[in-house]
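Listed below are the residues making up each chain.
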Amino acid sequence: MPQIRISDAARFLGVSDDTVRRWVDSGQLSGARDASGYAAVDGLELARLARRQAVLPQDPAGIGSSARNRFVGLVTDIVMDKVMAQVELQCGPHRVVSLMSAEAVRDLGLEPGSVATAVVKATTVIVETPHAKGTA
C-alpha cells in the first residue's frame, strides 16, 4: 500500500498535521514510517477516511439524473460580457468554473452568493500521478 506523509495527508483532508497525528495516536489511522523515515499513514486508509469525511451540501434539485458528478456550491464570481459568461463556484473544497452564455446566467438568476449545482458529464477523465511505475 502507498504511504502518505503526515503533512501531505493533512493537506489532502484540509486539517492540521497535529490532527492527523492525533488520529494515528487514537487508532483512527495506522501510522508508519515511509522509505525516507518520515511519519506516514496508509494511503488506502487515508482515502477511506477522506471519503467518509467528504461533506457537500444536499443537492437541492431533488430530481433523478444519470450524471453522478453533481457538486452543490456557492457562486463566488461571475465575469460576463454581452454574449458569454464565466461562472465560478466553490463546491466544498473544489473550485468549479463553467463557461456559459450570458443569457443562461440571467435566466438562472445566478449572482455571487447564490446556490447552484455544477453537473459534470464527460466522456474523458484524465488521471495523473506524480510518479508512474517504471519511470524516473
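Everything numeric here is computed off the predicted structure, so don't read it as measured data.

What counts as what
- Residues numbered from 1 in each chain as written.
- Predicted model: local features only at pLDDT ≥ 70, side-chain atom pairs only at ≥ 80, totals over all residues.
- Heavy atoms only, no water.
- Helix = DSSP H or I, 4+ residues; strand = E, 2+ residues; numbered from the N terminus.
- Buried < 20%, exposed > 50% of the residue type's maximum accessible area, 1.4 Å probe, protein only.
- Contact = heavy atoms within 4.5 Å.
- Salt bridge = Lys/Arg side-chain N within 4 Å of Asp/Glu carboxyl O.
- 1 Å grid on protein atoms, 1.4 Å probe; cavity = no way out; pocket = protein on both sides within 12 Å on 5 of 7 lines; lining within 4 Å.
- Points joined across faces, edges and corners; volume = space filled by probe spheres on them.
- Nonpolar A, V, L, I, M, F, W, Y, C, P; charged D, E, K, R; others polar.
- Pairing = 2+ DSSP bridges.
- Axes fitted to C-alpha atoms, helices over the stretch in contact; angles between N-to-C directions.

Each helix and strand counted, the chain has 4 helices and 7 strands in total. Listed N to C, the secondary structure of the chain is β-α-α-β-β-α-β-β-β-α-β in terms of helices and strands. Within the span of the chain, comprising 136 residues, buried residues form 25% of the whole. Look at the contacts in the chain between residues 6 or more apart in sequence, and 44% of them connect residues 24 or more apart.

A complete count under the given rule lists 4 salt bridges for this structure. The shortest N-O distance in the salt bridge between Arg 5 and Asp 34 comes to 2.8 Å. Within this pair, whereas Arg 5 is found in strand E1 (residues 3–5), its partner Asp 34 is found in the loop between strand E2 (31–33) and strand E3 (39–42), the two being separated by 29 residues in sequence. In this structure Asp 34 comes out as buried when scored by relative accessible area, which is 16%.

Here the second largest pocket is characterised by a volume of approximately 290 Å³. When contributions to the lining of the second largest pocket are tallied by element, the ones reaching two or more residues are helix H1 (6–13) and helix H3 (43–53). Element by element, the count of residues in the lining of the second largest pocket is highest for H3, at 5 residues. Here the lining of the second largest pocket is built from residues that sort into 7 nonpolar, 1 polar and 1 charged.

Below, the discussion takes up the sheet that holds strand E7 (residues 115–120). Pairing between sheet strands relies on hydrogen bonds along the backbone, with the strands arranged either parallel or antiparallel. Taking strand neighbours across the sheet as the criterion, the 4 strands line up as E6-E5-E4-E7 in an open arrangement whose pairing is antiparallel. Looking at the sheet topology across the chains shown, the edges are occupied by strand E6 (94–101) and E7. For this sheet the average axis-to-axis angle between neighbouring strands, irrespective of direction, equals 45°. With 6 bridges joining them, strand E4 (residues 69–80) and E7 adopt antiparallel strand pairing. Within E7, the position partnered with Val 72 by the bridge is Thr 117.

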